[in-house]
Amino acid sequence: MTTYAIARHETTEGLDTVRMLWGELLLAIETPPPVEGWPPRETRSFLHTGSAADEPLVVEDRAPLVLREHPAPANLDALDTGLAIERMLYDLADTLAAAVQHTALDDPRRWTFRSPTDPGSRAHGPHWAAVWIEGRVLDEDTTPEEQLDGTLTAPPFDPLPLHLLHEARRTARSAEGRLLRALGLDQRRRAIPDRPCPWCRGELTLHAGPDRPSAVTCSTGPSCTAPVPPDEHGRRIWTGGDLVALHTALDAAQQHIERERAA
């Protein structure tokens, strides 16, 4: 791969991660932070009262964090992460637009700068900012365009210089890293402390990552009586909807322990 190709690939990959997981970050802002990665992110919309069940989370329809009103956040770290990522993407879009943009004022492809009275393109949120940045990174709309009368006009954008491509890569990778850390996806494997298996008291381990669904395994192995199938190593494994059942069982076990202590 050439330097350009590597930088483009890593930039678009980082931007895609931000777009894909942005809805989860918005939900995390409204959900108490997990303890050592528990509960897994797949169960949080189910456990969060009045979220996924009552109001579908459509990322493109949600106003930017810096503009919309929202209740007091339950997770300040997630809110700080969201605000930081928005700022990083918006500032990067401003920088790229100042360097390569030549579109007409009424062109919908144009990135509009904010003013004291108008947020400009920031009003469309970080999803649009990521899409717009990706277009510049991939050098879209950088060739002369034919008009209805057959004449050619200058392209809306210039190709992105290498130094700005590297700046876009740095920003996208940084935003991706912050988002993964906020969602607990930067560590692929971790023990769940003080939460033994409700069926055998074995140690539970959470497996998570940006490119894989969350899963929990029990260290006891095939002798564990949990009503879930084993993985390739013979450990009982919870994935998908089984994680909700595990969450319920863990809560029931904890309540039983608290009742015994109080007796």
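As shown above, the structure is provided for reference.
No experiment lies behind these values; they were computed from the predicted model shown.

Cut-offs applied
Residues numbered from 1 in each chain as written. Predicted model: local features only at pLDDT ≥ 70, side-chain atom pairs only at ≥ 80, totals over all residues. Heavy atoms only, no water. Core = buried A, V, L, I, M, F, W, Y, C linked by side-chain atoms within 4.5 Å. Buried < 20%, exposed > 50% of the residue type's maximum accessible area, 1.4 Å probe, protein only. Helix = DSSP H or I, 4+ residues; strand = E, 2+ residues; numbered from the N terminus. Contact = heavy atoms within 4.5 Å. Salt bridge = Lys/Arg side-chain N within 4 Å of Asp/Glu carboxyl O. Phe/Tyr/Trp six-rings, centres within 6.5 Å; stacked < 30°, edge-to-face > 60°. Lys NZ or Arg CZ within 6 Å of the ring centre and 35° of its normal. Expected span 1.5 Å × (residues − 1). Polar contact = N/O pair within 3.5 Å; in protein donor to acceptor, adjacent residues only side chain to side chain. Axes fitted to C-alpha atoms, helices over the stretch in contact; angles between N-to-C directions. Left-handed = near helix turned anticlockwise from the far one by under 90°. Parallel < 35°, antiparallel > 145°, perpendicular 65-115°, else oblique. Nonpolar A, V, L, I, M, F, W, Y, C, P; charged D, E, K, R; others polar.

(A) Expanded view of the nonpolar core. Ranked by internal contacts, the top residues of the largest apolar core, which has 39 residues, are Trp132 and Ile133. Among the elements of the structure, helix H1 (3-29), helix H3 (76-100), helix H4 (125-137) and helix H5 (162-182) are those that each provide at least two residues to this core. In contact with Trp132, other than residues within four places in its own chain, are Ala93, Leu96, Ala97, Gln101, Arg109, Arg110, Trp111 and Phe157. With 13 residues, the next largest nonpolar core counts Leu204, Trp238, Leu246 and Leu250 among its residues.

(B) The arrangement of the pattern of salt bridges in detail. In total, this model carries 14 salt bridges according to the counting rule given. Residues Asp251 and Arg195 are paired through a salt bridge, measuring 3.6 Å at the closest nitrogen-oxygen approach. Note that Asp251 is positioned in helix H6 (residues 242-262) and Arg195 in the loop between strand S3 (189-191) and strand S4 (204-209), a separation of 56 residues in sequence. Under the relative-accessibility criterion, Arg195 is labelled partly exposed at 24%. Note that Arg235 is salt-bridged to Asp231, the shortest N-O span being 2.8 Å. Judged by its relative accessible area of 13%, Asp231 falls in the buried class. Salt bridges linked by common partners bring Glu10, Arg169, Arg173 and Glu176 together as one network.

(C) Seen up close, the packing of aromatic side chains. A full pass over the atoms with the stated rule returns four aromatic pairs. An aromatic cluster is defined as three or more aromatic residues linked by ring pairs; in this entry it consists of Tyr90, Trp111, Trp132 and Phe157. For Arg136, the ring lying beneath its charged end belongs to Trp132, and the centroid distance is 4.9 Å. Over the aromatic face of Phe157 sits the side chain of Arg136, whose NZ or CZ is 3.6 Å from the ring centroid.

(D) View of unusual backbone geometry. In this model, Asp139 sits at a positive phi of 55°, which is unusual for a non-glycine residue. Relative to the helices and strands, Asp139 resides in the loop between H4 and strand S1 (145-146). Residue Arg201 is not a glycine yet carries a positive backbone phi of 70°. Tracing the backbone shows Arg201 in the loop between S3 and S4.

(E) Representation of H3. For H3, built from 25 residues, the straight-helix expectation of 36 Å at 1.5 Å per residue is met to within 8% by its first-to-last C-alpha distance of 36 Å. Of the residues flanking the start of H3, the one acting as N-cap is Asn75, its side-chain oxygen 3.2 Å from the backbone nitrogen of Asp77.

(F) Seen up close, H5. Its 21 residues place the ends of H5 30 Å apart at the C-alpha level, agreeing with the 30 Å of an ideal helix rising 1.5 Å per residue. Taken together, the buried positions of H5 are Leu164, Leu165, Ala168, Thr171, Ala172, Ala175, Glu176, Gly177, Leu179 and Leu180.

(G) Spatial organisation of the environment of Pro198. Along the chain, Pro198 turns up in the loop between S3 and S4. Given the relative accessible area of 28%, Pro198 is considered partly exposed. Sequence spacing of Pro198 and His247 is 49 residues, and the spatial spacing of their C-alpha atoms is 10.0 Å.

(H) The environment of Asp231, seen in detail. Relative to the elements of secondary structure, Asp231 occurs in the loop between strand S5 (212-218) and strand S6 (237-239). Expressed as a C-alpha distance, the spacing of Asp231 and Thr217, which sit 14 residues apart in the sequence, is 8.2 Å. Not counting chain neighbours up to four residues away, the residues in contact with Asp231 comprise Thr217 and Ile237.

(I) Looking closely at the environment of Ile85. For Ile85, the location among the structural elements is in helix H3. On a C-alpha basis, the gap between Ile85 and Ser174 in space is 8.7 Å, while along the polypeptide they are 89 residues apart. Look past the residues within four positions of Ile85 in its chain and what remains in contact with it is Val18, Trp22, Ala175 and Leu179.

(J) Representation of the packing of H3 against H4 within the structure. Where H3 contacts H4, the axes come no closer than 9 Å and their chain directions differ by 40°. Once H3 is placed against H4, the crossing between them reads as left-handed. Contacts between H3 and H4 pair Glu86, Leu89, Tyr90, Leu92, Ala93, Leu96, Ala97 and Val100 from the former with Gly125, Pro126, Ala129, Trp132, Ile133 and Arg136 from the latter.

(K) Up close: the packing of H3 against H5. At a minimum axis separation of 10 Å, H3 and H5 run at an interaxial angle of 170°. Classified by the angle between their axes, H3 and H5 sit roughly antiparallel to one another. Every residue of H5 that contacts H3 at Asp80, Thr81, Ala84, Ile85, Met88, Leu92, Thr95, Leu96 and Ala99 is listed here: Leu164, Glu167, Ala168, Thr171, Ser174, Ala175, Arg178, Leu179 and Ala182. Taken together, the residues of the contact of H3 with H5 break down into 11 nonpolar, four polar and three charged.

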